[in-house]
Amino acid sequence: MKKLRSHVILIFIILIAIAIGILVSSGIMFYATFENSDEIAPGVFIKGVNVSGMTKEKAKQTISNYLAENMADHLTFSYGNYEYDVEVEQINAYFDIDSAINYAYEIGRNKGPIQNIKDYVSVLMNKIDIDPILIYDENALIDYMDFLEISIPDQVEQPSYYIDKDELVITTGSTGKGIEKSRLKEMLIASLQDITYSNQVFVIPTYTTYPDVLDIGAIHEEVYKPVINASYTTNPYSFTVEETGVDFSVNEVVETIPSVGTNEEYRFDLIYTEPAVRVADFGMDAFPDLLARYTTRYVNNPDRTTNLRLSSNAMTGTVLMPGQAFSFNSIVGPRTTARGYKEAAVYSDGTVTNGVGGGICQVVTTLYNAAIQADLKITERRNHTFVPGYANAGFDATVAYGSQDFKFVNSRNYPIKIVSSVENGYCTVSIYGLRTDNEYEVSIEAEIIKTIPKKTAGGQTGYVADSFRITKQNGNLIKREKISRDTYSAR
């Protein structure tokens, strides 16, 4: 009985050896044919697509067609009831197909006869699926996540202050939500790598953000000003702007405000010392040259027009010394009904709705274009969620009190004066100062690099636009500098 069992085992081992020998012999025979071909080894897949027996050119065409048919052009993320689309083109994402195909082609080649045969037989028996490397623009991705973070609702509101007539108004701010950018990046890249993302809506990962500690000393340093009388000369031109002396009681503020993050407002009397001589006393003689003028048209909706005029009047007459920064939110202040602002259409959280102060972004947009033409340095500017009716894509600027500002610096060597008006259907911003002998002509150009179809019949087309700062002198192009890539949603 034991001898019979031993014979059976021996026969079984012999049969297995014969089978393996046949398989190896067949593999070697097939490999000999494969080695002299220009085809990819059998058992090789790329992104789940079988490219066995294909030439490199055929495999590239097959994989390219497969990705084009199965990859959507955007990913959809959600926060609460809001959805945001990330255009794949926005971050210049694509698969490195060539490297994947080269890797596939090299299987069974260029490693020596024995290793080549082993690799060939291995993929023949076990198969291999190669996932191409995803290439994307890291800086463009960071820029988009920054843009997305200020677009979601529930923004943190930092402690802030503004001057309201003869009072210092301090707000303690409130908590909000920030985006976990590392997790969002992992989610986005993993989703792009997995081409089934087009059927999913991804929830934006967030965390609670807290306002900064209220720095009363820093507020005092910014608010306090010694009184200065205005003066200027014309030969040569030199200028000193007047400053009203301003102060407040630090002790009173410290004793009154208990903590930050409570979303409360406190008011304190300011102590003013008026200058004896003001810039207004000089008229326009101190600003002899028109540096820039930009105009946009508006529809005379009474409430919206009121908002335009209030914000325009708040900034007209502003004088900036060389190197001095302009902040729209600081100059204009909060847009509230108590200050006369009305409800009008605004872009908010990816929709068009009514909000107090609606329409003032037209003043900001007009100012932005004038500041560019005056060759001033823009330090903070964002585009709208949708293309506004008064400006083309790439030419607009938006603000939101407490979270988004428009800022620039007087980068010229002489003071400038902003003159703004809203009348007869036109919003106009002029900037005056002193022209130089080598004055530049500066303007904005924009290129539409992608059009996003409307979501509804009565909706609005979206765009991805690149904006450029064009600098010329005597009509000759000096520099063409890219200043932004703006994405406008469709609806």
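How each quantity is defined
Residues numbered from 1 in each chain as written. Predicted model: local features only at pLDDT ≥ 70, side-chain atom pairs only at ≥ 80, totals over all residues. Heavy atoms only, no water. Helix = DSSP H or I, 4+ residues; strand = E, 2+ residues; numbered from the N terminus. Buried < 20%, exposed > 50% of the residue type's maximum accessible area, 1.4 Å probe, protein only. Contact = heavy atoms within 4.5 Å. Phe/Tyr/Trp six-rings, centres within 6.5 Å; stacked < 30°, edge-to-face > 60°. Lys NZ or Arg CZ within 6 Å of the ring centre and 35° of its normal. Core = buried A, V, L, I, M, F, W, Y, C linked by side-chain atoms within 4.5 Å. Salt bridge = Lys/Arg side-chain N within 4 Å of Asp/Glu carboxyl O. pLDDT = per-residue confidence, 0-100. Pairing = 2+ DSSP bridges. Axes fitted to C-alpha atoms, helices over the stretch in contact; angles between N-to-C directions. Expected span 1.5 Å × (residues − 1).

**Focus: the environment of phenylalanine 386**
Turning to step 1, where the next piece is worked out: Within the secondary structure layout, phenylalanine 386 lies in the loop between strand S23 (377-380) and strand S24 (407-409).
Turning to step 2, where the next piece is worked out: Residue phenylalanine 386 is classed as buried on the basis of its relative accessible area, which comes to 1%.
Turning to step 3, where the next piece is worked out: Residues phenylalanine 386 and glycine 462, spaced 76 residues apart in sequence, show a C-alpha to C-alpha distance of 6.9 Å.

**Quick word on the environment of phenylalanine 248**
Turning to step 1, where the next piece is worked out: Structurally, phenylalanine 248 is set in the loop between strand S15 (245-247) and helix H8 (250-256).
Turning to step 2, where the next piece is worked out: Residue class for phenylalanine 248 comes out buried when judged on its relative accessible area of 5%.
Turning to step 3, where the next piece is worked out: For phenylalanine 248 and leucine 168, which are 80 residues apart along the polypeptide, the C-alpha to C-alpha distance reads 7.9 Å.
Turning to step 4, where the next piece is worked out: Once residues lying within four places of it in the same chain are set aside, the contact partners of phenylalanine 248 are Leu168, Ile219, His220, Val223, Val253, Asp269 and Leu270.

**Considering the packing of aromatic side chains**
Pairs of aromatic rings are described using the distance from one ring centre to the other and the angle between the two planes.
Turning to step 1, where the next piece is worked out: Inspection of every chain in the model, using the stated rule, returns seven aromatic pairs.
Turning to step 2, where the next piece is worked out: Considering the side-chain rings of phenylalanine 77 and phenylalanine 202, the 5.5 Å spacing of their centres and the 40° angle between planes classify their relative orientation as tilted. In this pair, phenylalanine 77 is assigned in strand S3 (residues 74-79) and phenylalanine 202 in strand S11 (residues 201-203), connecting sequence segments 125 residues apart. As far as burial versus exposure is concerned, phenylalanine 77 and phenylalanine 202 are alike and both buried.
Turning to step 3, where the next piece is worked out: When the ring of phenylalanine 326 is compared with that of phenylalanine 408, the centres are 4.8 Å apart and the planes differ by 20°; the resulting orientation is stacked. Of this pair, phenylalanine 326 sits in strand S20 (residues 325-327) while phenylalanine 408 sits in strand S24; the two residues are 82 residues apart in sequence, bridging distant segments of the chain. When sorted by exposure, phenylalanine 326 lands in the same class as phenylalanine 408, which is buried.
Turning to step 4, where the next piece is worked out: Here the basic side chain of lysine 56 rests over the ring of tyrosine 105, its NZ or CZ set 5.2 Å away from the ring centre.

**Observations concerning the nonpolar core**
Turning to step 1, where the next piece is worked out: Among the nonpolar cores identified, the biggest contains 44 residues, and Val44, Ile46, Val51, Phe77, Leu188, Leu192 and Ile204 are the most heavily contacted of them.
Turning to step 2, where the next piece is worked out: For this core, the secondary structure elements donating two or more residues are strand S1 (44-46), helix H2 (56-70), S3, strand S4 (82-87), helix H3 (97-106), helix H4 (113-126), helix H5 (138-149) and helix H6 (181-193).
Turning to step 3, where the next piece is worked out: Isoleucine 204 has contacts with Phe77, Ser78, Tyr79, Tyr84, Leu148, Ile152 and Ile179, leaving out every residue within four places of it along the chain.
Turning to step 4, where the next piece is worked out: Counting residues in each nonpolar core, the second largest holds 36 residues, with Ala371, Leu376, Cys427 and Ile431 among its members.

**As for the pattern of salt bridges**
Turning to step 1, where the next piece is worked out: All chains considered together, the criterion is met by 21 salt bridges.
Turning to step 2, where the next piece is worked out: Lysine 450 is paired through a salt bridge with aspartate 73; the nearest N and O atoms lie 3.7 Å apart. With lysine 450 in strand S27 (residues 441-452) and aspartate 73 in the loop between H2 and S3, this residue pair connects regions lying 377 residues apart in the sequence.
Turning to step 3, where the next piece is worked out: Among the residues examined, lysine 450 registers a relative accessible area of 14% and is labelled buried.
Turning to step 4, where the next piece is worked out: The shortest N-O distance in the salt bridge between arginine 480 and glutamate 445 comes to 3.7 Å.

**What about the confidence of the model for the chain?**
Turning to step 1, where the next piece is worked out: When pLDDT is averaged across the chain, the result is 87; 91% of the residues are at 70 or more.
Turning to step 2, where the next piece is worked out: The lowest-confidence element of the chain is helix H1 (residues 2-35), averaging 62 in pLDDT; the highest-confidence one is S24, averaging 98.

**Details of unusual backbone geometry**
What is expected of a backbone is that most residues other than glycine have negative phi and most peptide bonds are trans.
Turning to step 1, where the next piece is worked out: At the junction of asparagine 235 and proline 236, the peptide bond is cis and its omega measures out at 0° in the coordinates.
Turning to step 2, where the next piece is worked out: Tracing the sequence through the fold places proline 236 in the loop between strand S13 (231-234) and strand S14 (237-240).
Turning to step 3, where the next piece is worked out: Residue lysine 127 is not a glycine yet carries a positive backbone phi of 65°.
Turning to step 4, where the next piece is worked out: As for its position among the elements, lysine 127 is in the loop between H4 and strand S6 (128-130).
Turning to step 5, where the next piece is worked out: A positive phi angle, close to 60°, is found at lysine 165, a residue other than glycine.
Turning to step 6, where the next piece is worked out: Inspection of the secondary structure assignment puts lysine 165 in the loop between strand S8 (160-164) and strand S9 (167-171).
Turning to step 7, where the next piece is worked out: A residue is classified by how much of its surface remains accessible, and lysine 165, at 73% relative accessible area, is exposed.

**Overview of the sheet that holds strand S28 (residues 462-473)**
Strand pairs in the sheet, formed through backbone hydrogen bonds, run parallel or antiparallel to each other.
Turning to step 1, where the next piece is worked out: In spatial order, the strands read S27-S28-S29; together these three strands make up an open sheet with antiparallel pairing. Either end of the sheet is taken by a strand with one partner, and the two such strands are S27 and strand S29 (476-488). Ignoring which end each strand starts from, the neighbouring axes of this sheet average 20° apart.
Turning to step 2, where the next piece is worked out: Examined bridge by bridge, S28 and S29 share 11 bridges and lie antiparallel to one another. What sits directly across from glutamine 473, in S29, is asparagine 476.
Turning to step 3, where the next piece is worked out: Sitting on the sheet, helix H11 (residues 361-373) is in contact with S27, S28 and S29, with an inclination near 130° to S27.

**What to know about the environment of phenylalanine 328**
Turning to step 1, where the next piece is worked out: Structurally, phenylalanine 328 can be placed in helix H10 (residues 328-332).
Turning to step 2, where the next piece is worked out: Sequence separation of phenylalanine 328 and leucine 367 is 39 residues, and the distance between their C-alpha atoms is 9.6 Å.
Turning to step 3, where the next piece is worked out: In contact with phenylalanine 328, not counting residues within four places along its chain, are Ser311, Met315, Gly333, Arg335, Ile360, Val363, Val364, Leu367, Val399, Asp405 and Phe406.

**Here we look at H4**
Turning to step 1, where the next piece is worked out: Compared with an ideal rise of 1.5 Å per residue, which puts 14 residues at 20 Å, H4 spans 20 Å between its outermost C-alpha atoms and is within 8% of the ideal.
Turning to step 2, where the next piece is worked out: Lysine 127 sits one or two residues past H4 and shows a positive phi near 65°.

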